[in-house]
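Observations on the three-dimensional arrangement
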Amino acid sequence: MIRYALAPETFKLVYGSYQQFHPTRIDEMPGTISLSTARGMNASFQLLVCKDTPWALNVGKTPHLSQKGAIPTLRVAAPEGVSLHIEDMHVCDDGYFRADALLDDEVTEQAADYTRAVYCEVEIPADAPAGKKTVTLALFESTMFEDEKKVGEVTAEIEIFPVTMHKPSENKFYLDLWQHLSNIARKHEVRLWSDEHFAALEPYMKSLADLGQKAVTLVVTEAPWGGQSCFREYRMEANLFEYSIVPLTKTAEGELVADFTHLQRYVDLCAKYGIEDELSLYGLSNVWCMEEAGFGRLAPDDPDALRVRYLDAADGTYKFLRTEEELETYIRLLTDYFKKTGQMEKVRIAADEPADLEKYRRSLERLMRIEPEFRFKAALNHSEFIEEFGKEIYDFVPYSGHLFTHLELLRKYRDTMPGKRFLWYVCCVPHWPNTFLRSDLCESLFIGAFTSWSRMQGFLRWNYTVWNDDPRKDIRYGDFLAGDTNFVYPSPSGKPLLTLRYKALRKGIWLYELLEMLRDVKGDELTDTLIGRVVKNTETDKYYTDGHWLENVVSLHWEDYEGLIREILHILAEKD
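Anyway, here's the lowdown on the structure attached to this text. Predicted model only: the values in this text are computed from it and were never measured. (Residues numbered from 1 in each chain as written. Predicted model: local features only at pLDDT ≥ 70, side-chain atom pairs only at ≥ 80, totals over all residues. Heavy atoms only, no water.)

This brings us to the nonpolar core. In a soluble, globular protein the nonpolar side chains are often hidden away together inside. The biggest cluster of nonpolar side chains holds 130 residues, and the ones touching the most others in it are Leu218, Leu263, Tyr266 and Phe338. A per-element tally of this core places helix α10 (residues 500–522) first, with eleven residues. Setting aside chain neighbours within four positions, we find leucine 263 in contact with Leu218, Val220, Ile245, Val246, Tyr337 and Phe338. Counting 37 residues, the second largest nonpolar core, distinct from the first, contains Leu139, Ala156, Ile475 and Ala482. (Core = buried A, V, L, I, M, F, W, Y, C linked by side-chain atoms within 4.5 Å. Buried < 20%, exposed > 50% of the residue type's maximum accessible area, 1.4 Å probe, protein only. Helix = DSSP H or I, 4+ residues; strand = E, 2+ residues; numbered from the N terminus. Contact = heavy atoms within 4.5 Å.)

Structure follows, in structure tokens:
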């Protein structure tokens, strides 16, 4: 017996001892779905398929014979312009398996009564005609050399409104997902900063650009995060050290010479895809210091434990800068380069969660003494830093818990600090809203809606490609919840495997853009009223108190977001 049905894009297939997805649930699900979209904004849904005998699922044109013998193959056929990806299942912190990666492989084999999900995405070009569009997926069955027989079909009814979504590079939503370039080199087994490394980086940058990424991550000293303490983790091994993109040499005469070839090549690669608003420099401020593990200060007077490696041309050995004078010389080399190339205005000296007020103050004083034009950016999980360094920090990025607690204060700062950026971020905490493997995908849509409602300008997360040693097998690592460390997966093809979480974040960003388009033409009152359908409680300072838990704050119903998008598009279409 074959079972099949459609589910919304925010559905997440789960298998486990207590959350087993029983195939009979498909019988209660629809064979059609209705979607609303704009031009240039793709429409997505999911197909669930199951059979009561061992079987194979084929979502392409690849021929398939099973080494297990004569098992039937169910093939899904889609019209042109519709992409199909089988969803991979990943073990989560609770031992359940949850859907996430969107596989490029067209065929997978399944046990009897095991449901598989297929992510279906309909491309809606920017010049698509407005009106109704029907997409039909046909299911065919065959065993070995039998002719295929049609066994069913499902349909998606898509209404395309006469509203055109702009290119991701033109997004108002300021997205900053950090890039960990050394990890990408390791997973694709290429030499750091080689031609092969840059070839491997390119599809990752394109995937970021498709989300509307704004910032370029540049690590300019060695291991600024200390490898996320990976040397302390023995349950799931990981090499998480990030290395400087700037080779440094000390000549026989004692002069320091920096080579910016790799740095500029990466900056230019990002610019090729429209990622060019910001150059975030990591490793110059609030370097993570763990003296007991060897990650301490190399220069006694250094407030930031900078680790700067150089080649000593006099004897051909690698060494580290060990005086404050040499470190300042290196920072000036960076400054001079960005000034000479006309990029200084884009530079941000970024700090990740500074915790010591006095230490951070000394760090800023040192950097401002070297270069008064520096602008500073900080991901802040200590609220006192917001008020203490309101003058110095140009890009404020509070952790969500402090954003919720101090929203009115942050709004006041935003209104009284013209020209400064205000983003927000989530990481290993809080448990909601978040983008973990176990998170409801609606939480990512909520991120877009809340950013608009709160008048923040964008969103930051640290985790695009922070993989353990075998992320395709198991993405759990240390104390991080599964999915905290990555949005995409590496693949043998060299391209990143996108995920349900990536797609949900993109939908959340699209929602933000639509809300801002609505705000521009209809004002704040109507826009915020409509957002209230999904931001269910505006008392943000009470979000984590009794009675203000996830289901009472965040809408977890796809229908609420779909209805919100449809109404926005209807209003915008009437304007035109």
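Let us keep going from here.
The eight strands lie next to each other as β13-β24-β23-β22-β21-β20-β17-β14, forming an open sheet whose pairing is parallel. In this open sheet, the two strands that pair with only one neighbour each are β13 (174–177) and β14 (215–219). For this sheet, the mean angle separating the axes of adjacent strands, direction not counted, is 25 degrees. Note that strand β23 (residues 421–425) and strand β24 (residues 458–461) share three bridges and pair parallel. Its bridge partner lying in β24, tryptophan 424 is registered against phenylalanine 459. Its contacts with the sheet put helix α5 (residues 357–370) on β20 (347–352), β21 (376–380) and β22 (393–398), and the angle it makes with β21 is roughly 165 degrees. (Pairing = 2+ DSSP bridges. Axes fitted to C-alpha atoms, helices over the stretch in contact; angles between N-to-C directions.)

Overall, the coordinates contain 30 aromatic pairs when judged by the stated rule. Taking the centre distance of 5.4 Å and the plane angle of 40 degrees together, the rings of tryptophan 225 and tyrosine 282 count as tilted. One end of the pair, tryptophan 225, is in the loop between β14 and β15 (248–250); the other, tyrosine 282, is in strand β17 (residues 278–282), with 57 residues separating them in the sequence. Among the residues examined, tryptophan 225 registers a relative accessible area of 5% and is labelled buried. (Phe/Tyr/Trp six-rings, centres within 6.5 Å; stacked < 30°, edge-to-face > 60°.)

Moving on, we come to the packing of helix α4 (residues 324–340) against α5. Put simply, α4 and α5 touch, their axes get as near as 10 Å, and they point 60 degrees apart. Comparing the axis directions of α4 and α5 gives the class oblique. The hand of the α4/α5 crossing is right-handed. Across the interface between the two elements, Glu324, Leu327, Glu328, Ile331 and Arg332 of α4 pack against Arg366, Leu367, Arg369 and Ile370 of α5. Residue classes in the contact of α4 with α5 are distributed as four nonpolar, no polar and five charged. (Parallel < 35°, antiparallel > 145°, perpendicular 65-115°, else oblique. Left-handed = near helix turned anticlockwise from the far one by under 90°. Nonpolar A, V, L, I, M, F, W, Y, C, P; charged D, E, K, R; others polar.)

Judged by pairing direction, the sheet is antiparallel, and its six strands sit side by side in the order β1-β4-β10-β7-β8-β2 without closing on themselves. Looking at the sheet topology across the chains shown, the edges are occupied by β1 (2–8) and β2 (14–15). Sheet analysis places strand β4 (residues 43–51) next to strand β10 (residues 116–122), joined by seven bridges and oriented antiparallel. Bridge assignment links leucine 48 to a residue of β10, and that residue is alanine 117.

Looking now at empty space enclosed by the protein. Tallied over the full model, the rule gives six cavities of 30 Å³ or more. The volume enclosed by the largest cavity comes to roughly 50 Å³. Sort the elements by how many residues they give to the lining of the largest cavity and β20 lands first, with three residues. Here the residues of the lining of the largest cavity sort into seven nonpolar, three polar and one charged. (1 Å grid on protein atoms, 1.4 Å probe; cavity = no way out; pocket = protein on both sides within 12 Å on 5 of 7 lines; lining within 4 Å. Points joined across faces, edges and corners; volume = space filled by probe spheres on them.)

Moving on: the side chain of aspartate 484. Looking at the element boundaries, aspartate 484 is found in the loop between β24 and α10. The exposure class of aspartate 484 is buried, given its relative accessible area of 0%. Within the structure, the side chain of aspartate 484 is placed 2.8 Å from the side chain of arginine 461, a separation counted as a polar contact. Here aspartate 484 is in contact with Cys427, Cys428, Phe436, Arg461, Trp462 and Asn463, once residues within four sequence places are set aside. (Polar contact = N/O pair within 3.5 Å; in protein donor to acceptor, adjacent residues only side chain to side chain.)

With that out of the way, let us pick up the pattern of salt bridges. Tallied over the entire structure, the rule returns 44 salt bridges. Of the charged contacts, one joins glutamate 9 and lysine 507 as a salt bridge, the two residues approaching to 2.4 Å between their closest N and O atoms. With glutamate 9 in the loop between β1 and β2 and lysine 507 in helix α10, this residue pair connects regions lying 498 residues apart in the sequence. Note on glutamate 9: relative accessible area 9%, which makes it buried. One salt bridge in this structure joins glutamate 328 and arginine 369, with 2.7 Å as the shortest N-O distance. You can see glutamate 328 sitting in helix α4 and its partner arginine 369 sitting in helix α5, a full 41 residues away along the chain. Where salt bridges share partners, they join Asp176, Glu278, Arg348, Lys377, Asp395 and Arg421 into one cluster. (Salt bridge = Lys/Arg side-chain N within 4 Å of Asp/Glu carboxyl O.)

Once that is clear, we can look at the side chain of serine 454. Within the secondary structure layout, serine 454 lies in helix α9 (residues 442–454). Within the local environment of serine 454, its side chain forms a polar contact with the backbone oxygen of threonine 451, the two atoms lying 3.3 Å apart. Ignoring anything within four residues of it in the chain, the contact list for serine 454 reads Leu407, Arg411 and Arg414.

On to unusual backbone geometry. Following valine 429, the chain continues into proline 430 via a peptide bond in cis, with omega recorded as -5 degrees. Note that proline 430 resides in the loop between β23 and α9. Of the consecutive residues tryptophan 432 and proline 433, the connecting peptide bond is found in the cis state with omega at -15 degrees. As for its placement among the helices and strands, proline 433 is situated in the loop between β23 and α9. The backbone phi angle of glutamate 189 is positive, close to 55 degrees, even though this residue is not glycine.

Turning next to the layout of surface pockets. Of the voids in this model, the largest pocket is the one considered here, and its volume is about 980 Å³. As for the largest pocket, its lining consists of 37 residues, and the residues nearest its centre are Lys206, Asp210, Leu498, Lys503 and Arg506. Elements that contribute at least two residues to the lining of the largest pocket include exactly β7 (82–91), β10, α2 (195–209) and α10. Looking at the lining of the largest pocket, the element that brings in the most residues is α10, giving five residues. Class assignment of the residues belonging to the lining of the largest pocket gives a composition of 19 nonpolar, nine polar and nine charged. Lining of the second largest pocket is provided by 22 residues; of these, Gln228, Trp288, Cys428, Trp462 and Phe480 occupy positions nearest its centre.

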